[in-house]
Each structure stands twice: as C-alpha cells, then as structure tokens.
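# Tertiary structure, described
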Amino acid sequence: MYKFLGSDQKEYGPITGEKMREWIAQRRANGQTQVLPEGATQWQPLATLPEFSAALATVAPALPIPGAFSGGPAPVAPKTSGMAVTSLVVGILGACTFGIGSIIGLILGLVSLNKIKKSNGQLGGKGLAIAGVCVSVAVIPITAILAVLLLPALAGLLLPALANAKGKAQTINCVNNLKQIALAARIYANDHNDTFPPTSTWCDALQTELGNSSKVLHCNADTTGQRSTYGYNLQLSGKKDGDVNPRTVMFFEIDGGWNVSGGPELLPQKPRHRQIVNIAFADGSVQQVRVSDLSQLRWNP
C-alpha cells in the first residue's frame, strides 16, 4: 500500500501497487511523484521503488500534461461572475441612459470585485469587473457634459411644443366659454318673449343662466385681469330671435370690459390665440375665425 503527494502538496491514499501501475500507464503518475510506502517514514520519488521500474520503463517520456496527476479531483476553472459581466455591459450602455446605467455599472463592478476577492478562487471575472468600473467612471462625466450641451437644444424643441399645447388648450377653453354664453343668451330670450338680452347690461342679465359664474366670461389666455373678455353685438339690442339672421355675430372676443357692446371696432388689436379670433353667432354656434377673414363676418341682423 502506498500514500502519495498530489501537485497540491496534499496527502492521498493509501492505494495498492496495482492501482499505482495503472496511473503510471495513464501518465497520471511519473517517476517524480512522491510516495510513502507502507511502513516507511520518508517520502521518496516513485522512480526509486524497484517494484515500479518496469511500469515506468514502458511509458515513453512525454511533455507534462496540464492538470497531471494531483492525487485528487481535477482542478475546476472558477466561474465567471455574472455581476462583473453585467457591470461592464451596463457601464457601456450608460451613455444611452443619461448616465444612470453607468452609476449602476460602477456599483455592480465594485460589489463584484469584493465578491470575487472573498470567493477563494471560486469566482472569476476580476478583469471584467475592473473594466466595468473603469468604463462607468469614464462614461459618467462624459454623459454629464453631453447633458449640459444638449439640454438647451432639448429645451428649444420642447418649450415651443409645450407653448403650442397650452395655446390650443386656451383656445378650446375660450370656444367653450362662448358656447355657454351663446346658450345662456338663447335661454334668456326664451324666457323673455324671444328677445335677446339688453346690450347695456348683458353680462349682469346672463349671470343667472351662467350659474352666477364670472369665469365663463373670462378667457384663460387673457393676461390683463379683466373681469370679462367678451363683447356683445350692439345691433342685437331689443331684437327678437326670429328677426335675426342665424349667421349674425352675437358674442366675440375683445380686449376686456364689463357689459361691453359694439361692433368690429372692439375686436382685439392683438389676437390672444395667434391669428384666430373666436366668434359666437346668433344660432348658438361658435367658430374660430382667422384675422384675415374677420371682414367677412355679418354684423347687421
């Protein structure tokens, strides 16, 4: 029976002489393998034991075989850390995520380095983790610089779009206001012998039909703080619904004032809705009219 030392300098065995000869034939053991015969006190090369001379002689000399006989399990390659791989990939993609990916890649890289160090060789990928940390550190400031350079351009693209969206919302609000005012005037006429409200007090006269809310009489796009931003066609004063052409202007946008009535001279000098002025007609409909088309409106009932 024989004990032997593996390449890891650990002691294995005992094994039989026959088993040792098999390993010699398989080149898992050679003349330099240290063995301790049963009963002996000193380790010695396998070649010094005459009982194995014949077995060693039949094996042709060969270059050392990687992972040659160690007397134990063949060494297992360390597993590559998935976190290290992820840190590198996320770090590279950091530029596409405004630096967020690089911050995550930096954290993952540092954590994976710590885990690899504590794994006693069971985890590999140290180089990948270091690369992930380096790439992340490099991308973070580059992304910050790009953000500073691109933000003004993005703002230049977004702000007009936001302003346009706000303008459209204000235009829609103004149209809805005029629809409610025109409906209130028709309800008033229905309750007053088909006669439209008096032009001198029309805002006050319609308060009941408008639910006592003055907000309807004010366009959100107005910045002057006027109580009302709509005017009433003076030529409708005392007119009956049936005597007025449905396409006659009834209410329209003005610069501002309470109980204001008149004609096209009151139309705003500077339209609130770009080149659009909102007009309510005698039939209760509301239309967005271009400034260039205002001259075609009907004011005479």
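Provided above is the structure to which this section pertains.
Predicted model only: the values in this text are computed from it and were never measured. (Residues numbered from 1 in each chain as written. Predicted model: local features only at pLDDT ≥ 70, side-chain atom pairs only at ≥ 80, totals over all residues. Heavy atoms only, no water.)

## With respect to the pairing of strand β7 (residues 230–233)
Heads up, the condition is: Strand pairing follows a simple DSSP-based rule, namely that at least 2 bridges must link the two strands. Here a strand is any run of E in DSSP of at least two residues, a helix any run of H or I of at least four, and the numbering for each starts at the N terminus.
Sheet topology places β7 next to strand β8 (residues 249–253); 3 bridges connect them, and they run antiparallel. From the neighbouring strand, Gly 231 faces β8, where its bridge partner is Phe 252. Looking at chain direction, β7 and strand β9 (residues 261–262) are connected through 2 bridges and run parallel. Of the residues in β9, the one forming a bridge with Asn 233 is Gly 262.

## Considerations on the sheet that holds β8
Sheet architecture is open: 5 strands sit in the order β9-β7-β8-β10-β11, paired in mixed fashion. On the outer flanks of this sheet lie β9 and β11 (286–290), each paired with one strand and no other. Taken together, the 3 bridges between β8 and strand β10 (residues 276–281) define a ladder with antiparallel strand orientation. The residue of β10 that forms the bridge with Val 249 is Phe 281.

## Considering the packing of aromatic side chains
What describes a pair of aromatic rings is the distance from one ring centre to the other and the angle between the planes of the rings. Here is the rule: Stacked, edge-to-face and tilted are the three classes for Phe, Tyr and Trp ring pairs, Trp counted by its six-membered ring, which pair at centre distances within 6.5 Å; planes under 30 degrees apart are stacked, over 60 edge-to-face, the rest tilted. Only protein chains enter the accessibility calculation, which uses a 1.4 Å probe. A residue is then buried if its area is under 20% of the maximum for its type, exposed if over 50%, and partly exposed in between.
The tally for this structure, following the rule as stated, stands at 7 aromatic pairs. Geometrically, the ring pair formed by Tyr 2 and Phe 52 is edge-to-face, given 5.1 Å between the ring centres and 65° between the ring planes. Taken as a pair, Tyr 2 in strand β1 (residues 2–5) and Phe 52 in the loop between β4 (44–45) and α2 (53–57) lie far apart in primary sequence, 50 residues in all. With relative accessibility at 11%, the residue Tyr 2 sits in the buried group. Each ring, one from Phe 4 and one from Trp 23, has its centre 5.5 Å from the other, and the planes form 85°; the classification is edge-to-face. Remark: Trp 23 occurs in helix α1 (residues 17–25) and Phe 4 occurs in strand β1; sequence separation between them is 19 residues.

## Describing helix α3 (residues 82–92)
Note the following rule: Think of the arc as the fan of directions from the helix axis to the C-beta atoms.
Among all positions of α3, only Ala 84, Ser 87, Leu 88 and Gly 91 are buried. Along the long axis of α3, the arc covered by the buried residues comes to 95°, so they all point the same way.

## Thoughts on α1
Residues lying three or four places apart along an α-helix face the same way, a consequence of the helix completing one turn every 3.6 residues. Worth spelling out the cut-off: Here, two residues are considered to be in contact whenever any of their heavy atoms come within 4.5 Å of each other.
Here α1 has its buried residues at Gly 17, Met 20, Trp 23 and Ile 24. Considered in projection along α1, the buried side chains sweep an arc of 115° and stay on one side of the axis. Exposed and oriented more than 90 degrees from the buried face of α1 are Glu 18 and Ala 25. Contacts from the buried residues of α1 go to β1, β2 (11–15), β3 (34–37) and α2. Phi turns positive, to about 65°, at Arg 27, one or two residues after α1.

## Some words on the environment of Ala 47
Within the secondary structure, Ala 47 sits in the loop between β4 and α2. Spatially, the C-alpha atoms of Ala 47 and Gly 31 are 4.2 Å apart, while their sequence positions differ by 16 residues. Once residues within four sequence positions are removed from consideration, Ala 47 is found in contact with Gly 31 and Leu 56.

## Some remarks on the layout of surface pockets
Put simply, the test is: A cavity here means a set of points on a 1 Å grid, drawn over the protein atoms and nothing else, where a 1.4 Å probe fits but cannot get out; a pocket is an open set with protein on both sides within 12 Å along at least five of seven lines, and a residue lines either one if it has an atom within 4 Å of a point. Grid points are joined across faces, edges and corners, and a volume is the space filled by probe spheres set on the points. The nonpolar class holds Ala, Val, Leu, Ile, Met, Phe, Trp, Tyr, Cys and Pro. Asp, Glu, Lys and Arg form the charged class, and all remaining residues, Gly among them, are polar.
Of the pockets and cavities examined, the second largest pocket occupies roughly 220 Å³. Together, 12 residues line the second largest pocket, and Gly 167, Lys 168, Thr 171, His 273 and Arg 274 are the ones closest to its centre. In terms of residue count, the dominant contributor to the lining of the second largest pocket is helix α5 (residues 126–191) (6 residues). The residue inventory of the lining of the second largest pocket, partitioned by class, reads 2 nonpolar, 7 polar and 3 charged.

## Let's talk about the sheet that holds β2
In spatial order, the strands read β2-β1-β3-β4; together these 4 strands make up an open sheet with antiparallel pairing. Each having just a single partner strand, β2 and β4 make up the two edges of the open sheet. Note: β1 against β3, 3 bridges, orientation antiparallel. Among the inter-strand pairings, Tyr 2 is bridged to a residue of β3, identified as Pro 37.

## Considerations on the environment of Val 291
Looking at the secondary structure, you find Val 291 in the segment after β11. With 14 residues separating them along the chain, Val 291 and Val 277 place their C-alpha atoms 6.7 Å apart.

## Some details on the pattern of salt bridges
In plain terms, the rule: Just to be clear on terms, a salt bridge is a Lys or Arg side-chain nitrogen sitting within 4 Å of an Asp or Glu carboxyl oxygen.
If you walk through the whole model with that rule in mind, you get 6 salt bridges. As a salt-bridge pair, Arg 186 and Asp 241 come within 3.0 Å of each other at their nearest N and O atoms. With a gap of 55 residues between them, Arg 186 in helix α5 and Asp 241 in the loop between β7 and β8 connect regions that are remote in the sequence. A salt bridge links Asp 283 to Arg 247; its shortest N-O distance comes to 3.9 Å. Here the residue Asp 283 occupies a position in the loop between β10 and β11, and Arg 247 occupies one in the loop between β7 and β8, the gap between them amounting to 36 residues. We classify Asp 283 as partly exposed; its relative accessible area is 36%. Through salt bridges with shared partners, a single network forms among Asp 222, Glu 253 and Arg 272.

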